[in-house]
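These are the residues of each chain, in order.
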Amino acid sequence: MKARDEVLRLLADRAPNFVPERIIQNRLKNLASADVSSALVQLSSDGLIERVVDQRPTGEESEPFFRLKDTKNVPIRRSIRIAGIELPRVTSDSGARFFPEIYNESLEILSEYASSLEDRFKEIVRDQEQRYWAKVSGLFATLVSVLALLFVGLPKITTDPSLPFLRVVLLNLGQVLPMAVVLALFVLVLKWILR
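Here is a short report on the structure shown in this document. Here the structure is a predicted model, which is why all the values come from computation and not from measurement. (Residues numbered from 1 in each chain as written. Predicted model: local features only at pLDDT ≥ 70, side-chain atom pairs only at ≥ 80, totals over all residues. Heavy atoms only, no water.)

1. Here we look at the sheet that holds strand 3 (residues 63-68)
Spelled out, the test is: A pair of strands counts as paired when DSSP detects no fewer than two bridges linking them. Helix and strand labels come from DSSP, where a helix needs a run of H or I of at least four residues and a strand needs a run of E of at least two; each type is numbered from the N terminus. Residue contacts are counted whenever heavy atoms from the two residues lie within 4.5 Å of one another. Axis lines are fitted through C-alpha atoms, for helices just across the contact stretch, and the angle between N-to-C directions can take any value from 0 to 180 degrees.
Strands sit in the order 1-3-2 across an open sheet of three strands; the sheet is antiparallel. Only two strands of the sheet have a single partner each, and these edge strands are strand 1 (19-20) and strand 2 (49-54). Packing of helix 1 (residues 2-14) onto the sheet brings it into contact with strand 1, strand 2 and strand 3, and relative to strand 3 it is tilted by some 80 degrees. Contacting strand 2 and strand 3, helix 3 (residues 33-45) runs over the sheet at an angle of about 115 degrees to strand 2.

2. What about the side chain of R89?
We count it as follows: The buried label goes to any residue with under 20% of its type's maximum accessible area, the exposed label to any with over 50%, and the partly exposed label to all in between, with areas taken from a 1.4 Å probe on protein chains only. Residues scored as positive are Lys and Arg, those scored as negative are Asp and Glu, and His as well as the terminal groups of each chain are ignored. What makes a salt bridge here is a side-chain nitrogen of Lys or Arg within 4 Å of a carboxyl oxygen of Asp or Glu, nothing more. Under the rule applied, a polar contact is a pair of N or O atoms within 3.5 Å (in protein, one hydrogen donor and one hydrogen acceptor; residues adjacent in sequence only if both atoms are side-chain atoms).
Following the sequence through the fold, R89 ends up in the loop between strand 5 (85-88) and helix 4 (99-153). Nearest to the buried, unbridged R89 among oppositely charged side chains is D13, at 6.4 Å. A polar contact of 2.8 Å, which involves the side chain of R89, links it to the backbone oxygen of R14. Among the polar contacts listed, one links the side chain of R89 to the backbone oxygen of R77, at a separation of 3.1 Å. Not counting chain neighbours up to four residues away, the residues in contact with R89 comprise D13, R14, A15, P16, N17, I76, R77, R78, S79, I80 and I102.

3. Focus on the packing of helix 1 against helix 3
Note the following rule: By definition in this entry, angles of less than 35 degrees are roughly parallel, angles greater than 145 are roughly antiparallel, angles of 65 to 115 are roughly perpendicular, and the rest are oblique. Residue polarity follows a fixed list, in which Ala, Val, Leu, Ile, Met, Phe, Trp, Tyr, Cys and Pro are nonpolar, Asp, Glu, Lys and Arg are charged, and the others, Gly among them, are polar.
At a closest axis distance of 9 Å, the pairing of helix 1 and helix 3 adopts a crossing angle of 70 degrees. By the angle between their axes, helix 1 is roughly perpendicular relative to helix 3. Contacts between helix 1 and helix 3 involve A3, R4, V7 and L8 from the first element and D35, V36, A39, L40, Q42 and L43 from the second. Grouping the amino acids of the contact of helix 1 with helix 3 by side-chain chemistry returns seven nonpolar, one polar and two charged.

4. Let's talk about the side chain of N17
Position of N17 among the secondary structure elements: in the loop between helix 1 and strand 1. Dropping the residues within four chain positions of it, N17 is found in contact with F66, R67, R89, V90, T91 and S92.

5. So, the pairing of strand 4 (residues 79-82)
As paired strands, strand 4 and strand 5 are joined by four bridges and run antiparallel to one another. The partner of I82 across the bridge, within strand 5, is I85. In textbook terms, the turn of a hairpin is the stretch between consecutive antiparallel strands, and for strand 4 and strand 5 this stretch comprises two residues, one of which, A83, has a positive phi near 50 degrees.

6. With respect to the environment of V7
Tracing the backbone through its elements, the reader meets V7 in helix 1. In this structure, the C-alpha to C-alpha distance between V7 and I49, residues 42 residues apart in sequence, is 9.9 Å. Excluding residues within four positions of it along the chain, V7 makes contact with I24, L28, V36, A39, L40 and L43.

7. Notes on the environment of K29
Examined against the element boundaries, K29 turns out to sit in the loop between helix 2 (21-27) and helix 3. Residues K29 and L110 lie 81 residues apart in sequence; the distance between their C-alpha atoms is 28 Å. One polar contact links K29 to N26, side chain to side chain, over a distance of 3.3 Å.

8. Some points on helix 1
Rules: A helix is expected to span 1.5 Å multiplied by its residue count minus one. What the arc covers is the set of directions going from the helix axis to the C-beta atoms.
Here helix 1 contains 13 residues, and its C-alpha end-to-end distance of 18 Å stays within 8% of the 18 Å for a straight helix at 1.5 Å per residue. Three or more residues of helix 1 are buried, namely A3, V7, L10, L11 and R14. The arc that holds every buried residue of helix 1, seen down its axis, measures 95 degrees, which confines them to one face. Those residues of helix 1 that are exposed and angled more than 90 degrees off the buried face are K2 and R9. The elements touched by buried residues of helix 1 are strand 1, helix 2, helix 3, strand 2 and strand 3.

9. Some details on a nonpolar patch on the surface
This is how the line gets drawn: The patches reported here contain residues having more than 30% relative accessible area and no salt bridge. Joining distances are 9 Å for like charges and 5 Å for nonpolar side chains (Val, Leu, Ile, Met, Phe, Trp, Tyr). All accessible areas in this document rest on Shrake-Rupley with a 1.4 Å probe, and a residue is counted as covered only by the protein chains that are shown.
A surface patch of nonpolar side chains, about 670 Å² in accessible area, is lined by L166, L170, L173, L177, V181, L185 and L188. Note that L188 resides in helix 5 (residues 165-194).

Here is the structure:
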């Protein structure tokens, strides 16, 4: 019963077009293939759907197509949505002379969408690249600053055993602090420039 309902729902969604059995099977993967095939046979014998076989003259295997027999009470979709973009849907009740422009319009809309995606991807890559270089340069600047602080500040650090510990710390901090402030400003300015 579930396979029957799912087949009817799929064919109603694709109405008024014929749908090949392989597409029906592919769309209803959650059901057993045998259940879908038996539902198609049952619906055909009940007269709810019609079955047409595409006879291929090239020797390829013929393929059965199915569609609803009565589509009077079935709403026909006139468009397909792809990522929020409406594409005109080609239906079997369209005249052959109207088909080319429906097809052309679909291709043009897809082309415009693909072009906009390419621009968005380029922008995302550019932003990621800038963030990457900002992080790398910030890390490098921090490393250079720490090394400079060590090489420049260490020789200035003095210890006098006669002075109390807090006095030695404050004395050495007064000598190293200006260099630390300048290096910290250097790191911050570099990060700000690369953002």
